[in-house]
Each structure stands twice: as C-alpha cells, then as structure tokens.
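Residue-level structure breakdown
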Amino acid sequence: MDKRWRELADILVNYSVGVQKGDRVLITMYETETAPLARACYRAAVMAGGYPHIEYLSAYLEKDLMEYGDEDQVGWINEMSLYGMEWADCYIGLRGARNPYEFAKIEGGKMAAHKKAMGKISAARNSTRWVLTRVPNESFAQQAGMPLEEMMEFYFDSTIRNWKKERESLEAVKELLSSGSNVRVTGKETDISFQTKGRLYVAADGHINMPDGEVYTCPVEDSVNGKVYFDFPGVYAGKYIEGIRLEFKDGKLINFSAEKNEELLKEILSMDEGASTLGEFGIGLNYGITGYCGDILYDEKIGGTIHFAMGRGYPECLGNDKSALHWDLIKDTRKEGAVYLEGKKVMENGKWFTGGEAD
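These remarks concern the structure in this document. (Residues numbered from 1 in each chain as written. Predicted model: local features only at pLDDT ≥ 70, side-chain atom pairs only at ≥ 80, totals over all residues. Heavy atoms only, no water.)

Turning our eyes to something else, we now look at the sheet that holds strand β17 (residues 326–331). Two orientations exist for strands paired in a sheet by backbone hydrogen bonds: parallel and antiparallel. Overall, antiparallel pairing links the five strands, which are arranged β7-β9-β15-β16-β17 in an open sheet. Edge strands, defined here as strands with exactly one partner in the open sheet, are β7 (202–204) and β17. In this sheet, neighbouring strand axes are inclined to one another by 25° on average, regardless of whether the strands run parallel or antiparallel. The sheet contacts of helix α9 (residues 163–178) involve β7, β9 (214–217) and β15 (278–284), and relative to β7 the element is tilted by about 160°. (Pairing = 2+ DSSP bridges. Helix = DSSP H or I, 4+ residues; strand = E, 2+ residues; numbered from the N terminus. Axes fitted to C-alpha atoms, helices over the stretch in contact; angles between N-to-C directions. Contact = heavy atoms within 4.5 Å.)

Here it is, written out as structure tokens:
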C-alpha cells in the first residue's frame, strides 16, 4: 500500500474526527477506487480503539434505483444508512467519482426525489464528528482536465498538510468577518447583501472536508436582498446547470434562471420549503486549488472565490433552515468582485485585507 494512504488516513481518523477509544466509526466507501483509503482508515480506527464499520455505495446503484424504481422506491430513505448515522460517533465519507454524465437521462423529478431522501440521511451526520473526502480516479482526472498521475499528486499534496498551521490564515479571515454583521458581495451581475448578526463563522481547517480551506457562516435567512450570478456551473447529481442567476427580497427567492438545465434548477429549488432559502455564505481560502473541476469538495475551496449554498444551514453557525437540500454554488471573485463589511471593502479580486489595507 502507498504510504500516503496511511498518512491521509491518520489525518482523517486522528485529527479530522478524532476517534477515541470506544467510538463507533461509520466509513462509507463510495466506489471501488476508495478501497485503499477505506482499508487504511479502518486500520487507523482500530488502532485508535474504535469500532469501525464500512458500508459500500456507488453511483451505479443509485442509477439503477432511479431508472427502475417506482415513486416510493426512488424517494426511499434507506433505514440502514439512516441507522448507521444514528449509531455512529464518527463518520468518514470516502467519495469516489464516476462519469459526471452517468445520470444524464434520469428525469429531473426522480432525481430530486432521490436526492431529497439522500439529503435526509446526510443531514443526520450532523449528530456525529464527520469528514468527507473525494478520492480521484481516471474519470475525475478527465473531468478536471488533468492526467491521472498529476491528479493524484495534487490530491495528496492538498490533503496531507499541517492543518494546525493552515488554521492561522483561516482564523485571520474569520476574525475579520466576525467583527461586523452587514455583508455585501459585488461582482459580475452581482450585488447581494445580508446580515450575520447572531450567527457564527467557522474556520474549516480539515475537520469537515479534505482538502479543506474555507470560512463559512449562515446569513440571517430573511435578511438576504439582491442578485447574484454564478460564474461556474452548479453541479447536481452529475448534471451541470450553467449560468445560474438568483434574486432575493427579504430572504425570499423572487427570480431565478439558468442558461442550461433551468428545469432541473426549478426542481431543486422547489424540493421542500427551505430549498429556496440561502443557507450558507462561504469563502474559499485554499490558494493551492486554482481551477474549477466540477466537484464541490474542491471547488468551494478555490482561493479567492466565494460561495453560497441553497437550503440547509449549519447548526454550528446557528442557521435555522432545515431543508433536505444543501447545494453549494461558486462565485468567482478573483478578477471582478469584492466583499464589504459594514460598508468597508475587506476583499477585492480574491485578496483579503486582514491587515486593514483596504480603503
């Protein structure tokens, strides 16, 4: 086994979720390519005194369910998976990759119903100490426009890091944003504002995602006003929704459109009562991730970008939205964009002014 699998497993088990003696550890092995890391995590959890269990999932199995299942089956909340989340003290999600167009012919209503059921299970992981990582394979490397070997080097370089040290720069941005509550974001076809009073910012330093490197919070739900255009496509169950535009008034989504797959966007935003609520404001601060690859675990960390999530807010940020949906959309602010706090510019074109350099 490549020693880097063991090094990464050590970070995930002993740092990210902090397995202690007696902890129950659920490891989701999503696609066969995650097997080396699943085994390394299993071993690390045992060595830490935990009781690990591995479950297997695959996009192929999801496709079969959506293609051949009836309405009840497609919307089924798998009792075993839900119980696993309730059973576990720690959850490690090892996500593999498949052809991003694997679900291309699945009807939008079926897709939304299945993802709503999966969202109920995902939401249950908030009762655990959890971390997610996306393990690349040839399909993922092709999607990202990189050779596989280069993709794997990038993956290990972006995850096997001194995350305690990485936290310092993240904390600087967190402290800056926590000093005010009136936030405004501008950029291409974008001018949106909201309040964060009573909400908490979180510095994501390797305890939730791998690779990591973001600061995020939950806007006060009814304070969101303005419009936003997303420069990168939104990806939902392998389908790309391009040119997304959203407009809010007092927290209500009053207009939306997409240049491609607008009908799917409509299905997603009407999934449940909270799906059309803006549930997260996040800042990408991993400047080692520079390019969009169509996977949110990487793309939301792109240094110099910001992102908004539709739907479920985070309890740790004191968000109130309880939707089954949590869908991140990336706004590229590196060439045209700014963030204002209490009317003062604190970021411009991807550069944060944590030392007070802005006008």
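Here the focus is a nonpolar patch on the surface. Judged by side-chain polarity, Tyr42, Val46 and Ile54 come together as a nonpolar surface patch covering roughly 230 Å² of accessible area. The exposure class of Ile54 is partly exposed, given its relative accessible area of 31%. (Patch = residues over 30% accessible without salt bridge, like charges linked within 9 Å, V, L, I, M, F, W, Y side chains within 5 Å. Areas by Shrake-Rupley, 256 points an atom, 1.4 Å probe, with all protein chains shown as cover. Salt bridge = Lys/Arg side-chain N within 4 Å of Asp/Glu carboxyl O. Buried < 20%, exposed > 50% of the residue type's maximum accessible area, 1.4 Å probe, protein only.)

Let's shift gears to helix α10 (residues 262–269). Within the sequence span of α10, burial applies to Leu264, Leu265, Ile268 and Leu269. All buried residues of α10 lie within an arc of 130° about the axis, which places them on one face of the element. (Arc of directions from axis to C-beta.)

Glancing now at a positive patch on the surface. A grouping of Lys3, Arg6, Arg39 and Arg43 is seen on the molecular surface, where their side chains present a positively charged patch. Those elements giving two or more residues to the positive patch turn out to be α1 (3–16) and α2 (35–47). Checked against the element boundaries, Arg43 lands in helix α2. (Lys, Arg positive; Asp, Glu negative; His and termini not counted. Charge placed at Lys NZ, Arg CZ, Asp CG, Glu CD.)

It is worth spelling out the packing of helix α5 (residues 79–87) against helix α6 (residues 108–124) at this point. The N-to-C vectors of α5 and α6 enclose an angle of 15°; their axes lie 8 Å apart at closest approach. Classified by the interaxial angle, the pair formed by α5 and α6 is roughly parallel. Where α5 crosses over α6, the two elements pack in a sense that is left-handed. Contacts from Ser81, Leu82 and Met85 in α5 reach Lys120, Ile121 and Ala124 in α6. Of the residues that constitute the contact of α5 with α6, the class distribution is four nonpolar, one polar and one charged. (Parallel < 35°, antiparallel > 145°, perpendicular 65-115°, else oblique. Left-handed = near helix turned anticlockwise from the far one by under 90°. Nonpolar A, V, L, I, M, F, W, Y, C, P; charged D, E, K, R; others polar.)

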